[in-house]
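As a plain string of letters, each chain reads:
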Amino acid sequence: MDVMVKKHMHALALSLSAAWLYPAWQFPVWAAETLAVSAHKEAQPASLQTLIALAVRNDASQAQLAAQSSALRETAVASATQMDPKLKVGVGGLPVDSFQFDDDPMTNISVGLMQQFERGDTLELQARKVRQQAEGVDWQIQARQREVANSITQLWLELGYQQYAERVLRENQRLMSEMAGFIQTNYAIGKSESQDLLQAQLQVSRLDDKLQANRQSQRKLMSQMSEWLGADWLSANASLAAGYQLDRAALDAVLKSHNGTSQFYTLLAQHPMVAMTEAAISASQTQADIAGEAYKPQFAVEVMYGYRQANNMRGEPASDLLSAYLTVDLPLFTDNRQDRNRAAAHYQVGAAKSQKDLLLAQLNARVNALLADRQSQAERLERYQNSLLPQAKERTKAVERGYQNNTAQFSDVINAASDELALELELARLTADFSQTSSTLAFLLGGQALQTLAPSLTDQGK
């Protein structure tokens, strides 16, 4: 019996040694990555920052938005240009009885040019409005970059958790296999019941199914990442070592500076989506200025030259004719056009400002909701660290001592160790959720938290 005890206890110690070495709540990012590498020998270590930079660079949506911004800037140049002159060619004073150009001195062949000029500063204001719209699209590109970076971060963290979960499941499977072997030995000598053996074998089969589901989840996550990283990247990276924790120091510093308040408007005002609404407000104000220019008159200048072939009444060749005209429209009746357009433009300015206020309120509410989740997750992490895991570890040690003293069954030892690994897995899930919440907060609040997580985004303007 002593030999069997030592054999099983040695196997159990080897199975649990890695699990006890670094509890999940103590894992730094590099430790989580190392853990994933140990579970996947083929996996290549991945840098989250590198993946984010690659995803942002390959995002097709940004190319579409960049083309749209360029189109608007070209339109701005066109909007600031006066209309092309109009060429006017015709015949005047042609006698209908002969249709001859030299019968009547009033007959002339006319060639003229007409140029129309926009009201006041309308052209300059139209160009400014389109440029402001282009700036809004540029901010939309930056908002898209944050969205892509956050999506990659969320997937990377989830992948890291699934890799850690695979390791824990394999540890559990090893323990269940140990227990099945132990029960089978006892069953052979008549010390165990057949239902115990069947139950142990069923547990091993269930773990096989969970491992298969886990591998499916990992493949799915990798496929989702290929939306931004590309199919070639997916083909070249059949496996990828990820982590399920982020450095929280930078975000904690940002939140500490706003401790005790639920208003984060100063930080959110720097978000690209808010900057988009600012650009929309500016464009609306410019449109109001354009509506104000409609009260100014519009001018057109026309110059014509008339060539005559007939002689005048004295028999001399008739002189050619030169004509010049100035056309001015008079906006005298403005009740149903200019006044209405100007009022509509001012309403649009108010609507754009309200849109900004609404967006800030929505973002601030989202930040506070995420902070509530993060606080709850932090409290649960502390409970696992200070209570649940130490208690589970003490229970395992107590069962091991009972087994050595023949007061507990080997199945009790396996079950205690399995429960402890299950707590480790729950803690890893909670840690990944905490990191995912922190990631979303970092991309919302920006600043140093964003710089630490995705330096490629904040370095673009330098």
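Rules behind the numbers
- Residues numbered from 1 in each chain as written.
- Predicted model: local features only at pLDDT ≥ 70, side-chain atom pairs only at ≥ 80, totals over all residues.
- Heavy atoms only, no water.
- Helix = DSSP H or I, 4+ residues; strand = E, 2+ residues; numbered from the N terminus.
- Buried < 20%, exposed > 50% of the residue type's maximum accessible area, 1.4 Å probe, protein only.
- Areas by Shrake-Rupley, 256 points an atom, 1.4 Å probe, with all protein chains shown as cover.
- Phe/Tyr/Trp six-rings, centres within 6.5 Å; stacked < 30°, edge-to-face > 60°.
- Lys NZ or Arg CZ within 6 Å of the ring centre and 35° of its normal.
- Expected span 1.5 Å × (residues − 1).
- Bend = angle between axes of the 7 residues up to and from the residue.
- Patch = residues over 30% accessible without salt bridge, like charges linked within 9 Å, V, L, I, M, F, W, Y side chains within 5 Å.
- Salt bridge = Lys/Arg side-chain N within 4 Å of Asp/Glu carboxyl O.
- UniProt positions renumbered as here; feature names shortened; annotations may be inferred.

As named in an unreviewed UniProt entry, the protein chain is TolC family protein, taken from Photobacterium arenosum.

Q: Now, about the overall build of the protein chain: what can you tell me, with residues and values included?
A: When you go through the protein chain residue by residue, the secondary structure sums to 14 helices and six strands. When each of the 462 residues of the protein chain is scored for burial, the buried share is 42%. A total of about 25100 Å² of accessible surface is found on the protein chain, and carbon and sulfur atoms cover 52% of it.

Q: Kindly report on the environment of Gln263, identifying the contributing residues and their values.
A: Tracing the backbone shows Gln263 in the loop between α8 (249-256) and α9 (265-268). Sequence-wise, Gln263 and Leu360 are 97 residues apart; in three dimensions their C-alpha atoms are separated by 10.0 Å.

Q: Residues and numbers for the packing of aromatic side chains, please.
A: Following the criterion strictly, the structure yields one aromatic pair and no others. Between Tyr164 and Tyr244, the aromatic rings sit 5.3 Å apart at their centres with planes inclined by 45°, giving tilted as the arrangement. Here the residue Tyr164 occupies a position in helix α5 (residues 122-188), and Tyr244 occupies one in the loop between β4 (240-241) and α8, the gap between them amounting to 80 residues. Each member of the pair, Tyr164 as well as Tyr244, carries the same accessibility label: buried. A cation sits over an aromatic face here: Arg429 above Tyr161, 4.2 Å from the ring centre.

Q: So, helix α11 (residues 338-404): which residues are in play, and what are the values?
A: The periodicity of an α-helix, 3.6 residues per turn, causes residues three or four positions apart to be oriented the same way. Relative to the 99 Å expected for 67 residues at 1.5 Å per residue, α11 spans 96 Å between its end C-alpha atoms, a close match to the ideal helical length. The largest bend along α11 measures about 45° and falls at Tyr384.

Q: Tell me what's going on with a nonpolar patch on the surface, and back it up with residues and numbers.
A: Taken together, the side chains of Phe117, Phe299, Val301, Val303, Tyr305, Tyr307, Leu322, Leu326, Val328, Leu330, Leu332 and Phe333 make up a nonpolar region of the molecular surface, amounting to roughly 1300 Å² of accessible area. Per element, the largest residue contribution to the nonpolar patch is five residues, and it comes from strand β5 (residues 298-307). Structurally, Leu332 is set in the loop between β6 (321-329) and α11. Judged by relative accessible area, which is 61%, Leu332 ranks as exposed.

Q: Before we move on, can you summarise the UniProt feature "coiled-coil region" (unreviewed entry) in the protein chain with the specific residues and values?
A: Under the UniProt annotation, "coiled-coil region" (unreviewed entry) lies at residues 360-387. Measuring from the first to the last C-alpha atom of residues 360-387 gives 40 Å, for a span that is 100% helix and 0% strand.

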